[in-house]
Amino acid sequence: MKSCMRLVCTALLAGSTLGGAQAAGMTVGFSQIGSESGWRAAETTVTRQEATKRGIDLKFSDAQQKQENQIKAVRSFIAQGVDAILIAPVVATGWDAVLSEAKEAEIPVVLLDRMVDSDKELYFTAVTSDTVYEGTVAGEWLVKTVGDKPCNVVELQGTTGSSPAIDRKKGFDEAIKAHSNFKIVRSQTGDFTRAKGKEVMESFLKAENGGKNICALYAHNDDMAVGAIQAIKEAGLKPGQDILVVSVDAVPDIFKALAAGEANATVELTPNMAGPAFDALEAFLKDKKEPPKWIQTESKLYTQQDDPMKVYELKKDLGY
Ligand code: AHR
């Protein structure tokens with residue numbers, strides 16, 4: 001048994017009465033998934049900014065969408081003896097071994113924006129939204145908007161095996177299940193990217209009578225929705241009118257689409273996951289305060305009625 005948990009040792013060395021700036025000098029490794037979406041880019045930007053603001057030395061590693069790269073990065077952070085590790089886990093399974101290694105090394109791990117299937121004891125805390133709820137909000141918006149008319153839905157799923165893809169599907173399915181006029185006629189992954197969202201939507205349109213059989217698109221993120229909107233336009237249909245579009249993230253480009261009447265609704269996911277993560281690490285550093293296992297961020301629905309260009313202006317320079 002080591003004499004003190006690594007982060008507590010740092011606190012003792014730094015002096016336990018330090019205030020908000022006490023994380024200064026802390027070294028944190030961040031294993032980021034990659035840059036598949038505008039939202040992901042903003043999360044990276046915000047994490048770097050938060051680290052700089054707090055005097056944290058952030059070691060950044062881009063996994064290029066591969067879990068094996070994330071595992072390598074985490075092992076390298078452990079070998080370097082960082083004070084804490086942030087992981088945005090690309091998929092939910094397969095983390096037990098490396099999380100156990102970090103625990104054995106007494107390095108707290110904070111999960112950012114996605115969950116893992118591992119035992120809660122293997123990580124310090126998780127900062128995420130309620131991703132099931134995001135799907136529910138999207139589904140409830142659609143039910144309310146369409147009413148009793150028959151509605152064939154096509155779904156662009158996020159990365160297969162990732163927690164938001166699993167949960168956003170679940171939440172949406174639950175919201176529509178009591179309404180027999182809704183039917184998901186096509187559902188496929190678009191890997192959270194614009195290019196794949198467009199490509200898969202093109203195949204949906206072809207398979208569904210040029211899109212005439214489709215009433216709505218539900219995309220697990222805005223980037224896929226933006227790609228799909230382009231495909232709908234190229235197929236000669238009006239996105240937002242002929243095919244309703246609802247998605248998740250609230251990136252600046254979806255607000256342009258909302259303003260143009262080409263998208264209908266989005267559920268906001270804050271890119272600031274690092275702020276609450278660093279707060280939790282700092283509180284632990286200061287007085288060993290254990291955070292809850294889940295620090296939940298807020299989710300908010302935006303529609304065309306919410307002055308989309310104003311929101312676009314507010315968001316456009318935030319690193320998306
Ligand atoms: O885990 C959060 C999801 O990952 C975002 O909704 C999506 O845009 C990103 O790639």
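For the structure, check the block above.
Bear in mind that the values here come from a model prediction, so they are computed numbers and not experimental data. (Residues numbered from 1 in each chain as written. Predicted model: local features only at pLDDT ≥ 70, side-chain atom pairs only at ≥ 80, totals over all residues. Heavy atoms only, no water.)

Peer 1: Account for the overall build of the protein, naming residues and giving values.
Peer 2: What the protein contains, in helices and strands, is 11 helices and 12 strands. Taken over the C-alpha trace, the protein has a radius of gyration of 21 Å; the compact-globule value for 320 residues is 20 Å, and the two agree within 12%. Summarising its shape, the C-alpha atoms of the protein cover approximately 65 × 40 × 30 Å along the three principal directions. Counting all 320 residues of the protein, 55% fall into the buried class. (Helix = DSSP H or I, 4+ residues; strand = E, 2+ residues; numbered from the N terminus. Rg over C-alpha atoms; globule rule 2.2 N^0.38 Å. Buried < 20%, exposed > 50% of the residue type's maximum accessible area, 1.4 Å probe, protein only.)

Peer 1: Tell me what's going on with the state of the cysteines, and back it up with residues and numbers.
Peer 2: One pass over the full model with this rule turns up 1 disulfide. Paired by a disulfide, C151 and C215 hold their sulfur atoms 2.0 Å apart. On the sign convention where negative means left-handed, the S-S torsion of about -85° between C151 and C215 marks this disulfide as left-handed. Of this pair, C151 sits in strand 6 (residues 151-157) while C215 sits in the loop between helix 7 (194-207) and strand 8 (216-219); the two residues are 64 residues apart in sequence, bridging distant segments of the chain. (Disulfide = S-S within 2.5 Å.)

Peer 1: Give me the lowdown on the pairing of strand 3 (residues 84-87), citing residues and values where you can.
Peer 2: Along any regular strand the residues' side chains alternate between the sheet's two faces. Every second residue of strand 3 is oriented toward a common face, with A84 and L86 on one face and I85 and I87 on the other, all of them buried. Looking at chain direction, strand 1 (residues 27-32) and strand 3 are connected through 4 bridges and run parallel. Paired with G29 across the strands is I85, a residue of strand 3. Examined bridge by bridge, strand 3 and strand 4 (residues 109-112) share 3 bridges and lie parallel to one another. Paired with I87 across the two strands is L111, which belongs to strand 4. For the segment spanning strand 3, helix 4 (residues 96-104) and strand 4, crossover handedness is right-handed. (Pairing = 2+ DSSP bridges. Right-handed = clockwise from strand over helix to strand, strands pointing away.)

Peer 1: I'd like to hear about the site of the ligand, residue by residue, with values.
Peer 2: Residues in close proximity to the ligand include E36, S37, W39, R40, D113, R114, P164, R168, F192, N221, D249 and L269, which together make up its full environment. Between an oxygen atom of the ligand and a side-chain N or O atom of E36, the distance comes to 2.4 Å. In the environment of the ligand, an oxygen atom lies 2.8 Å from a nitrogen or oxygen atom belonging to the side chain of R168. Coverage of the ligand by the protein chains reaches 100% of its 280 Å² of free accessible surface. Elements with a minimum of two residues in the shell around the ligand: helix 2 (38-54) and helix 6 (163-176). Across the shell around the ligand, the residue classes tally to 4 nonpolar, 2 polar and 6 charged. (Near = heavy atom within 4 Å. Polar contact = N/O pair within 3.5 Å; in protein donor to acceptor, adjacent residues only side chain to side chain. Areas by Shrake-Rupley, 256 points an atom, 1.4 Å probe, with all protein chains shown as cover. Nonpolar A, V, L, I, M, F, W, Y, C, P; charged D, E, K, R; others polar.)

Peer 1: Provide a residue-level description of the environment of Q305, including the pertinent values.
Peer 2: Mapped onto the elements, Q305 comes out in the loop between strand 12 (299-303) and helix 11 (308-315). On the basis of relative accessible area, Q305 is assigned to the exposed category, the value being 68%. It is 27 Å that separates the C-alpha atoms of Q305 and K183, two residues lying 122 residues apart in sequence.

Peer 1: An account of the pattern of salt bridges is requested, with residue identities and associated values reported.
Peer 2: Counted under the stated rule, the structure contains 23 salt bridges. Ionic pairing is found between E36 and R40, a salt bridge with its closest N-O pair at 2.9 Å. Each member of the pair, E36 as well as R40, is classed as buried. K198 is the salt-bridge partner of E202, the closest N and O atoms lying 3.0 Å from each other. One end of the pair, E202, and the other, K198, are both in helix 7, 4 residues apart, so they sit about a helical turn from each other. The exposure class assigned to E202 is partly exposed, which follows from its relative accessible area of 29%. K198 gets classed as partly exposed once you look at its relative accessible area, which sits at 24%. Overlapping salt bridges, with partners in common, bring together E36, R40, E43, D113 and R114 in one network. (Salt bridge = Lys/Arg side-chain N within 4 Å of Asp/Glu carboxyl O.)

Peer 1: Describe a negative patch on the surface, and please don't skip the residues or the numbers.
Peer 2: Taken together, the side chains of D96, D117, D119, E121 and E290 make up a negatively charged region of the molecular surface. Within the secondary structure, E290 is located in the loop between helix 10 (274-287) and strand 11 (294-296). Of the residues examined, E290 reaches a relative accessible area of 55% and is grouped as exposed. (Patch = residues over 30% accessible without salt bridge, like charges linked within 9 Å, V, L, I, M, F, W, Y side chains within 5 Å. Lys, Arg positive; Asp, Glu negative; His and termini not counted. Charge placed at Lys NZ, Arg CZ, Asp CG, Glu CD.)

Peer 1: I'd like to hear about helix 10, residue by residue, with values.
Peer 2: Think of an α-helix as 3.6 residues a turn; residues three or four steps apart then line up on the same face. With 14 residues, helix 10 should cover 20 Å at 1.5 Å per step; its first-to-last C-alpha distance of 20 Å lies within 8% of that length. Looking at helix 10, one finds that the buried residues are A274, G275, A277, F278, A280, L281, E282, F284 and L285. Phi turns positive, to about 60°, at K288, one or two residues after helix 10. (Expected span 1.5 Å × (residues − 1).)

Peer 1: Give a description of the side chain of N221 that names residues and reports values.
Peer 2: Mapped onto the elements, N221 comes out in the loop between strand 8 and helix 8 (222-234). A relative accessible area of 1% places N221 in the buried class. Of the polar contacts made by the side chain of N221, one reaches the backbone nitrogen of D223; its length is 3.4 Å. Those residues in contact with N221, other than ones at most four positions away along the chain, are S37, R168, F192, S247, V248 and D249. (Contact = heavy atoms within 4.5 Å.)

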